[in-house]
Amino acid sequence: NDYKGFFKQQMAERKNFKYPPYFRLVKLTLRHKQLPKVSKAANLLAAELRKSLGERIIGPEFPLINRVFNYHQKCIIVKIERDKQFSARRKLMRDAIYRIHIRDEFKGIQIVPDVDPYN
């Protein structure tokens, strides 16, 4: 029944582990009909993002339901600080996604961003 104590503890943990409300989460879902292509693209995208964003990248991982309508899926979570550099970091993500899309082998890959996802 210590609501205030629980709240303080949760907020400290969220700040420590880089979760909302101190950070924004961006979920990048990669989809393709061929599993090897989606896996390779997800690994390359995660590596590209790690070059500039470092430890803020989680994944790539398969979601709980990893195949929807014959499309295989992999997800990458990016943790971004809520500060003045958010738009610069967003541009870094867009550039990394662009570098994946311009490669001939990944032209059919769908990359769907979801800012502050619920699941």
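Remember, it's a predicted structure, so these values are computed and weren't measured experimentally.

Calculation notes
Residue positions are counted from 1 within each chain, in the order its sequence is given. Local features in a predicted model are, by the rule used here, given only for residues with pLDDT of at least 70; side-chain atom pairs are given and counted only at 80 or more, and totals for whole chains, interfaces and linings are based on all residues. Side-chain numbers here rest on the full set of heavy atoms in the structure, without hydrogens or water. Within this document, salt bridges are pairs made up of a side-chain nitrogen of Lys or Arg and a carboxyl oxygen of Asp or Glu, the two lying within 4 Å of each other. Runs of E in the DSSP output that reach at least two residues are strands. Runs of H or I that reach at least four are helices, and both are numbered from the N terminus. For the exposure calls, accessible area comes from a 1.4 Å probe over protein chains only, and a residue counts as buried if that area is under 20% of its type's maximum, exposed if over 50%, partly exposed in between. One less than the residue count of a helix, multiplied by 1.5 Å, gives the span that helix is expected to have. The contact criterion used throughout is that any non-hydrogen atoms of two residues lie within 4.5 Å.

Re the pattern of salt bridges
A side chain with one charge can pair with a side chain of the opposite charge if their charged atoms come near. In the structure shown here, the tally under the stated rule is 10 salt bridges. In this structure, the salt-bridge partner of E81 is R56, at a minimum N-O distance of 3.0 Å. Taken as a pair, E81 in strand 4 (residues 71-81) and R56 in the loop between helix 2 (35-53) and strand 2 (57-61) lie far apart in primary sequence, 25 residues in all. Considered together, E81 and R56 belong to a single accessibility category, that of buried residues.

Some details on helix 2
Taking 1.5 Å per residue as the helical rise, helix 2 with its 19 residues ought to reach 27 Å, and the 26 Å between its terminal C-alpha atoms agrees with that figure. For helix 2, every residue scored as buried is listed here: V38, S39, A41, A42, L45, A46, E48, L49 and L53. Against strand 1 (23-32), strand 2, strand 4, helix 3 (86-101) and strand 5 (110-115) lie the buried residues of helix 2. A positive backbone phi angle near 60 degrees is found at G54, which sits one or two residues after helix 2.

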